[in-house]
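If you want the building blocks of each chain, they are given just below.
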Amino acid sequence: MTRSERREAVAGWLLVLPAAALLAAFTHYPTVATLWRSLHGQALHGKPPSFVALANYRAMVKDPVFWQALRNNAVYSAAVIPLSMALSIVMALAVDAATGARIRGRTFLRVAYFTPTILPMIAIANIWLYFFTPGYGLIDRLLAPFGFGNWNWLGAASTALPAMIVVAVWREAAFYMIFYLAALQTIPPTLREAATLEGASRFTFFRRVIWPLLTPTTLFVFVNVVIDSFRLIDQIVVMTHGGPDNGTTILLYYIYEVGFQYWDSGYAAALTAVLLAGLAVVALAQFLLLGRRVHYG
Amino acid sequence: MKPRTGIPETLGAWLLGLAWILPLIWAIWAAFHAGTAATSFSPLAPLTLRNFVQAWKAAPLARGIFNTTVVITIALVSQFLLCTPAAFAFARLSFPGRDALFALVLVQLLVSPDILMVENYRTTAAFGLVDSLLGIALPYLGSAFGIFLLRQTFRQVPRELDEAARLEGLGPVRRLWQVYVPLARPTYVAYGLVLVSFHWNNFLWPLIVTNSVATRPLTVTLAMFSTPDQGLDWPVITAATLLSVAPLLVAFLIFQRQFMQNFMRAGIR
């Protein structure tokens, strides 16, 4: 290493260090601490928590609420991921100026689709609470002519989780539309003209040209929607508190409940460890299946 | 001349658009009408501002807006100051361990602070920052997203410019400040906008880490206000909701093109 190389190396480390230290303090340290804490019991009467080895995990396997949270999360993810992605693509295609045909009222539609992105989830939740109100909420009013109309959407086990899914999709599709829109605008308009000259239908054009070109965006969006589908619980906190009968409790909500309502940090840590393992699988799958194609570099 | 879309597509797109804007329109309708008129759809029902007055009086929204603004300022200044040098080093300096360190930074994109809320709460408590504005901002003082975004931008700065500055004897810090940062201005605007909108809307962590009116940001203030046991009627809650989204929403409606372009700029990887 020459002297100037050495100086550059020192400068590099010094410039990176403050940000890296903060990220480590709130991402890497807590990840490791979570695993360690999950092997400990609850701190009681000022005594330090005792080492309990795998007791928290054994309790977890026997905890019906944990299994229900996992099942709910599976349903939630399985619905939110494809619905959000499909709708965000459809929306982006509808309002994109460069590749698609012109649509009437494009500016209005863009604003309408995008608006949920800048609304807080809690405001969205409040508005949808009103929407779902039994009897006089908008949904019941729309359904009244068909003989429904007094249904407790958030209070019934069969509809509470779907209602949470609807709210999540409403927000996610709006948010990820913007990524597709950005990607569509990098597609040269000449491709569209060429396809028109060849007499390709719009569907063929989409399937053969646009969809392949969108692949990196799709992979990026996919990874992020998957993460979101484990993370998005604001509306659950506000609208259902995980109920009825834990019907809308997904894993992160259960962690929140155990950690901050039962204050059982050992068990919350064990639950977090499961969530971290799930995210690790996502990361690994991304790395193995997709390689560097969506890589952030 | 581009072809116009067919009727079924236009209709579908508009139905989707209505579904996406309807909740907001419904909220606006309810907020401007008194009691029973809020749930009947008679177009001639008298408009009123009573709900807004009542909401403003009953909920400490001004305090919430102030707290949110402080938290945003702390996070913005801290992230700009910390992510800029880190991004520059990752983009243009070579030092041992750089790539491994960058991979570690990217872990935060996967594991966001709210997933680790239990441990982060402990850390915040250890610093004595529970129920403080700094405590709300604490997990967000650094950001992998910011480092990543700025690194991408800095990598696009022509090497010749960097070399020229180097030949003039400028060290890394002055090159960063005089060459890179001015060229990255659009990225800072986009990044800042995404950050403002994220923290304006952030809910879970502030909910956990605050427990008094003095420190609650807008979202938590709104949530506390909207719980059913407050015994308030929906139009008032809806009015409070609209008041809290208004600053960002109005800014968006006025600058919608710039808003979307900036979100897109932050989204292009």
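Here the structure is shown first, and the text comes after it.
What counts, and where the lines are drawn
Residues numbered from 1 in each chain as written. Chains lettered and ligands numbered in written order. Predicted model: local features only at pLDDT ≥ 70, side-chain atom pairs only at ≥ 80, totals over all residues. Heavy atoms only, no water. Helix = DSSP H or I, 4+ residues; strand = E, 2+ residues; numbered from the N terminus. Contact = heavy atoms within 4.5 Å. Areas by Shrake-Rupley, 256 points an atom, 1.4 Å probe, with all protein chains shown as cover. Salt bridge = Lys/Arg side-chain N within 4 Å of Asp/Glu carboxyl O. Buried < 20%, exposed > 50% of the residue type's maximum accessible area, 1.4 Å probe, protein only. Buried area = accessible area lost by both parts, 1.4 Å probe. Polar contact = N/O pair within 3.5 Å; in protein donor to acceptor, adjacent residues only side chain to side chain. Nonpolar A, V, L, I, M, F, W, Y, C, P; charged D, E, K, R; others polar. Expected span 1.5 Å × (residues − 1). Bend = angle between axes of the 7 residues up to and from the residue. Core = buried A, V, L, I, M, F, W, Y, C linked by side-chain atoms within 4.5 Å.

Points about the overall build of chain A
Okay, so step 1: When you go through chain A residue by residue, the secondary structure sums to 13 helices and zero strands.
Okay, so step 2: Helices and strands appear in chain A in the N-to-C order α-α-α-α-α-α-α-α-α-α-α-α-α.
Okay, so step 3: Seen through its C-alpha atoms, chain A measures out along the principal axes to roughly 80 × 75 × 30 Å.
Okay, so step 4: Counting only contacts in chain A whose residues sit at least 6 apart along the sequence, the fraction spanning at least 24 positions is 64%.
Okay, so step 5: On chain A, roughly 13,100 Å² of surface is accessible, and the fraction owed to carbon and sulfur atoms is 68%.

Some words on the pattern of salt bridges
Okay, so step 1: In this structure the tally under the stated criterion is eight salt bridges over all chains.
Okay, so step 2: A:Arg171 serves as the salt-bridge partner of A:Glu172, at 2.9 Å between the closest nitrogen and oxygen.
Okay, so step 3: We note a salt bridge from B:Arg98 to B:Asp99, for which the minimum N-O separation is 3.3 Å.
Okay, so step 4: Judged by its relative accessible area of 23%, B:Arg98 is partly exposed.
Okay, so step 5: Of the residues examined, B:Asp99 reaches a relative accessible area of 57% and is grouped as exposed.
Okay, so step 6: Bridged by salt links that share partners, the residues A:Glu8, B:Asp162, B:Glu163, B:Arg166 and B:Arg175 form one connected network.

Describing the interface of chain A and chain B
Okay, so step 1: Listed by partner, the interface residues are 92 residues for chain A and 99 residues for chain B.
Okay, so step 2: A combined buried area of about 8,900 Å² lies between chain A and chain B, and 75% of that area is made up of carbon and sulfur atoms.
Okay, so step 3: Linking chain A with chain B are two salt bridges.
Okay, so step 4: Between B:Glu119 and A:Arg37 there is a salt bridge, and its shortest N-O distance comes to 2.8 Å.
Okay, so step 5: Taken together, the connections running from chain A to chain B amount to ten residue pairs in polar contact (both at pLDDT 80 or more).
Okay, so step 6: Top contributing element to the side of chain A that touches chain B by residue count: helix α1 (residues 3-37) of chain A, with 21 residues.
Okay, so step 7: Counted by class, the side of chain A that touches chain B contains 66 nonpolar, 17 polar and nine charged residues.

Some words on helix α13 (residues 234-254) of chain B
Along an α-helix, a turn takes 3.6 residues, which lines up residues three or four apart on a common side.
Okay, so step 1: Between its first and last C-alpha, α13(B) extends 28 Å over 21 residues, near the 30 Å set by a 1.5 Å rise per residue.
Okay, so step 2: If you look at α13(B), its biggest bend is around 55°, right at B:Ala246, and the proline B:Pro247 turns up within four residues after that.

A few points about the nonpolar core
Okay, so step 1: In terms of nonpolar packing, the biggest core is built from 190 residues, with A:Tyr113, A:Tyr256, B:Met117, B:Ile147 and B:Phe154 touching the most fellow members.
Okay, so step 2: Looking at which element gives the most residues to this core, the answer is helix α7 (residues 157-184) of chain A, with 20 residues.
Okay, so step 3: Setting aside chain neighbours within four positions, we find B:Met117 in contact with A:Leu252, A:Ile255, A:Tyr256, A:Phe260, B:Leu204, B:Trp205 and B:Ile208.

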